Amino acid sequence: MHKSVLSACLILLALTATMAAETRTPLHEGWQLQSACKVQADGGMIAAEGFATDGWLKTAVPSTVLAAQVATGAVPDPYFGVNMRQLPGMSYPIGHFFSNEPMAENSPYRCGWWYRREFAAPALKAGERAWLHFGGINYRGDIWLNGKKVADSQAVAGAYRTYDFDITDFVKPGNTNVLAVETFAPTEKNLGINWVDWNPCPPDKDMGLWGAVDLITTGAVTLRSPMAVTHFEDESLATAQLTVYAELHNGGNRAVKGTVTGEAAGVKFEQHVELAPHEDRTVIFTPDKFPQLRIRNPKIWWPAQMGKPNLERLTLGFHAPGETAEEQSVEFGIREITSELTTNGSRLFRVNGKPILIRGAGWSPDMLLRADEKKLSDQFRLVEDMGLNTIRLEGKLENDSFFQHADREGILVLLGWCCCDHWEHWKDWTPDDLKVATASLRDQMLRLRYHASLLVWLNGSDNAPTPDVERAYLDVEAATHWPNPVLSAASSATTPGGGLNGVKMTGPYDYVAPSYWLNKQQGGAFGFNTETSPGPAIPSLASRRKFLPDPEAWPPTSNWTYHYGGADFSSLKVMDDAMEAVYAKPHSAAEYERMAQTMAYDSERAMFEAYSRNKYSSTGVIQWMLNNAWPSMIWHLYDYYLDADAGYFGTKKACEPVHIQYSYDDRSIAVVNSTYKRVEGLRASVHVHNLAWKELYSSEAPVNAAEDSAQAVFYVPENLYSGADRIFFIDLMLKDAAGKIVSRNFYWVPGTLTTFDWLKTDYTHTPAARHEDMSGLASLPVATVTAQATQVKTANGRELRVELKNTSPTLAFQVSAAVRTPGGELIAPVFWSDNWIELVPGETRVLTALLPESGADAPTVRIEGWNVAAQTLTPAP
């Protein structure tokens, strides 16, 4: 045979000898759970075939211990009323941070808890290896397989660790295997998962297998954590330079020669490597060595506000003769995120070179860490519907699906560690704590780093880490090639490793009047405020019925107050006092809800509008919070059941793509263009009326709005406020060149604004020295609103169209529409075009509502308002 033919045949044989890629078997169903205090056996016995599990709970994984007990009915629904307070182990004082306190001696969660599962393992080919992957164990664990210990609780420590254990020497290929994991809850001196003052902490401290467990079969060499990092050559964005990374590990006892092959955005590349036995190595492809990684005219990923979130495919594989091929594939975005300090020392972020005003809110997972893919998808739709561009995670680092949603839907993610427990008690750390912290950071960096949506990582939250801890964190971030900005904390700090971080965390977190946000102090609209809020958010009656035994109680009972916040937020006194001083004293739960909703609308709108108008003296604002971990009376834009509150619609109004708004500080009417296209031919108008609906002022002006801009169009005359009128209605409208309404906004403004006692500011809020007076709204003349509803099928699903007409000579104030069952039960989420609106005399408005896919077979529409008789509509088909 000719030598060249022989060579070609040998090459072909080598290629065909490469075996199939890894297999992954999720170990989701079929688990059993029991307290170690009730099991008189060790791990070797429990992880053996034939072990009796009579009386064990059936569960799936991921699941915390308490979540499993709830799912099987072993304990009552902890979210209803004060049920959770009655659970064993709930001995800590209400409102305290349980993460900082030891479990009671008699707590059932002071014991370890065993998770046990039997599974069939596939046969292994020569050279193949078997692995157990754990996506999250809180907090420690002993892992046994087939009677043998795989890892102990010294090696398995850290709520945010991920683990891949080589079980080749323990597994029984082709046979039944028994896996047993004893989990241990975090102590007050551990780096666990905590809930701060958001809500109570469950009595098990979320102990257990809270991440997925998978059986994986690979070749000797594994390839993990593929990532493509983008750098644009210039501001034209015409050429993107990609640098590709992956982590290789040789799990075998012999050296392996092979080839790493890759394809990114349609271009291919490869690199030959040789790995020593048990060697770990980062393989890197740079555009200097692989010029095909200079991508011409790339499809760029943008946040949804800025453009289309295009995603490309990155596939990397390891191939060696006689070895099982290893391949990993992920979606990535060609995008570059940078940050800088503005002239006023504020942190400004840029996406692909363009500045972006961060407008977002703080995320919370379910308090029992239960995953719900449908609910997750719905929540991203709600975020998009409001026009927010960012979600913040303070700890509670979500599962992979969360980040995939963010990538695909163009929502940025600001993430980092949590505050207020051992995570920030650095002076008390042991060397083991630092080891757990840095290992946790490394695991999360490698898990998350490829995602297009990631904006910035925070190494601390309320405080910046000490220099030694910061240095250790920065070393991990450098070693894992974290591609995005890193800040030392969510609060203002200057550190040796990070310098000035350019953000603030000055509150408020409790109610303040709308005019607060345009003051140039504390939480006012300057700089980057990483967490702030006007505080309470009272759910609707339909939602309250789902978690309270007395949803219409007045005054609120202990069932209500248990669903307030913790620590300094275990009372709603600040909002309650303001409500009585500004509007009126409520005499029923219905009156309380109505006024609280209006206060939330007004303040949430004002907060986002203030930061938008002041860009880029202001560079970002994060509403505290977006959602809740359980049914709550504070800090959300939509409630636990996905019912959108008035604050949701105030936020949605403020974050319109092209928006007209009123300014409390200088009486200006401003137009804010949050798109990245110039909009010409607009026309702005303002009409000001008094409480009796007498017009006091009107004006119109043409507007051309530059991309990503804010401009004052005209000013309401100052002398208007010096007369006898105490309340002013300001009706704003922005139309396009064809006369179509682009933005409609309506304000109720006091003649004399609230004055603030700045010297008495604390981290929760700045108190009012003198409240504004809006009491006249409580005695508005009755308005007559006729309403009709129809139901239609559209390309997006079933839609309601509600026509509202004000047939009276007076304003219809804060008119809301809610979709309910015929029995008044909640239907959610519902995507309304607008809500909590005003109807001027003679005006007709049409609201649309996109209904959920299921659970809304016979919807009704409840219409209510401050001075409008309530009515319930049955939509016509």
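See the structure shown above.
Quantities reported herein were computed from a predicted structural model and do not represent experimental measurements.

1. Looking at the overall build of the chain
Move 1: Along the chain, the regular secondary structure elements total 12 helices and 50 strands.
Move 2: Its C-alpha atoms give the chain a radius of gyration of 29 Å, within 12% of the compact-globule value 29 Å for 877 residues.
Move 3: Taking the principal axes of the C-alpha coordinates as reference, the chain spans close to 100 × 65 × 60 Å.
Move 4: A buried classification covers 61% of the 877 residues belonging to the chain.
Move 5: Across the chain, contacts joining residues at least 24 apart in sequence account for 71% of those joining residues at least 6 apart.
Move 6: Total accessible area on the chain stands at roughly 32800 Å², and carbon and sulfur atoms take up 51% of it.
Move 7: Averaging the locations of the 77 positively and 101 negatively charged side chains of the chain gives two centres separated by 3 Å.

2. Topic: empty space enclosed by the protein
Move 1: Enumeration according to the criterion identifies seven cavities of 30 Å³ or more in this entry.
Move 2: By volume, the largest cavity amounts to about 100 Å³.
Move 3: Every element with two or more residues in the lining of the largest cavity is listed here: α11 (589-613), β40 (741-750) and β47 (837-839).
Move 4: Sorting elements by how many residues they give to the lining of the largest cavity places β40 first, with three residues.

3. What about the packing of aromatic side chains?
What describes a pair of aromatic rings is the distance from one ring centre to the other and the angle between the planes of the rings.
Move 1: As enumerated under the stated definition, the model contains 49 aromatic pairs in all.
Move 2: The ring of F526 has K504 sitting right over it, with the charged end atom 3.3 Å from the ring centre.

4. Focus on the sheet that holds strand β22 (residues 337-341)
Move 1: Spatially, the three strands line up as an open sheet ordered β22-β23-β24, and their pairing is antiparallel. Every interior strand has two partners, whereas the edge strands, β22 and β24 (354-356), have only one. The average undirected angle you get between the axes of adjacent strands in this sheet is 40 degrees.
Move 2: Bridge count for strand β23 (residues 347-351) against β24 is three bridges, and the pairing is antiparallel. Counterpart to R350 in the pairing with β24 is P355.

5. Section: the sheet that holds strand β5 (residues 113-120)
Move 1: Strand order across the open sheet formed by six strands is β3-β2-β5-β11-β8-β9, with antiparallel pairing between neighbours. Two strands bound the open sheet, and with one partner strand each, they are β3 (57-59) and β9 (148-151). Ignoring which end each strand starts from, the neighbouring axes of this sheet average 30 degrees apart.
Move 2: Pairing geometry for strand β8 (residues 140-145) and β9, over three bridges, is antiparallel.

6. Brief notes about the side chain of T390
Move 1: By the element assignment, T390 lies in strand β26 (residues 390-394).
Move 2: Not counting chain neighbours up to four residues away, the residues in contact with T390 comprise I358, R359, G360, A361, I411, L412, L414 and I622.

7. Considerations on the state of the cysteines
Move 1: For the structure on display, the rule yields two disulfides.
Move 2: The residue that forms a disulfide with C37 is C111, at a sulfur-sulfur distance of 1.8 Å. Between C37 and C111, the S-S dihedral sits near -95 degrees, and the bridge is therefore left-handed. You can see C37 sitting in the loop between β2 (31-35) and α2 (43-46) and its partner C111 sitting in the loop between α3 (65-72) and β5, a full 74 residues away along the chain.
Move 3: The partly exposed category is assigned to C37, whose relative accessible area is 47%.
Move 4: A sulfur-sulfur separation of 2.1 Å characterises the disulfide bridge that pairs C419 with C420.

Each value, and the rule that gives it
Residues numbered from 1 in each chain as written. Predicted model: local features only at pLDDT ≥ 70, side-chain atom pairs only at ≥ 80, totals over all residues. Heavy atoms only, no water. Helix = DSSP H or I, 4+ residues; strand = E, 2+ residues; numbered from the N terminus. Rg over C-alpha atoms; globule rule 2.2 N^0.38 Å. Buried < 20%, exposed > 50% of the residue type's maximum accessible area, 1.4 Å probe, protein only. Contact = heavy atoms within 4.5 Å. Areas by Shrake-Rupley, 256 points an atom, 1.4 Å probe, with all protein chains shown as cover. Lys, Arg positive; Asp, Glu negative; His and termini not counted. Charge placed at Lys NZ, Arg CZ, Asp CG, Glu CD. 1 Å grid on protein atoms, 1.4 Å probe; cavity = no way out; pocket = protein on both sides within 12 Å on 5 of 7 lines; lining within 4 Å. Points joined across faces, edges and corners; volume = space filled by probe spheres on them. Phe/Tyr/Trp six-rings, centres within 6.5 Å; stacked < 30°, edge-to-face > 60°. Lys NZ or Arg CZ within 6 Å of the ring centre and 35° of its normal. Pairing = 2+ DSSP bridges. Axes fitted to C-alpha atoms, helices over the stretch in contact; angles between N-to-C directions. Disulfide = S-S within 2.5 Å.

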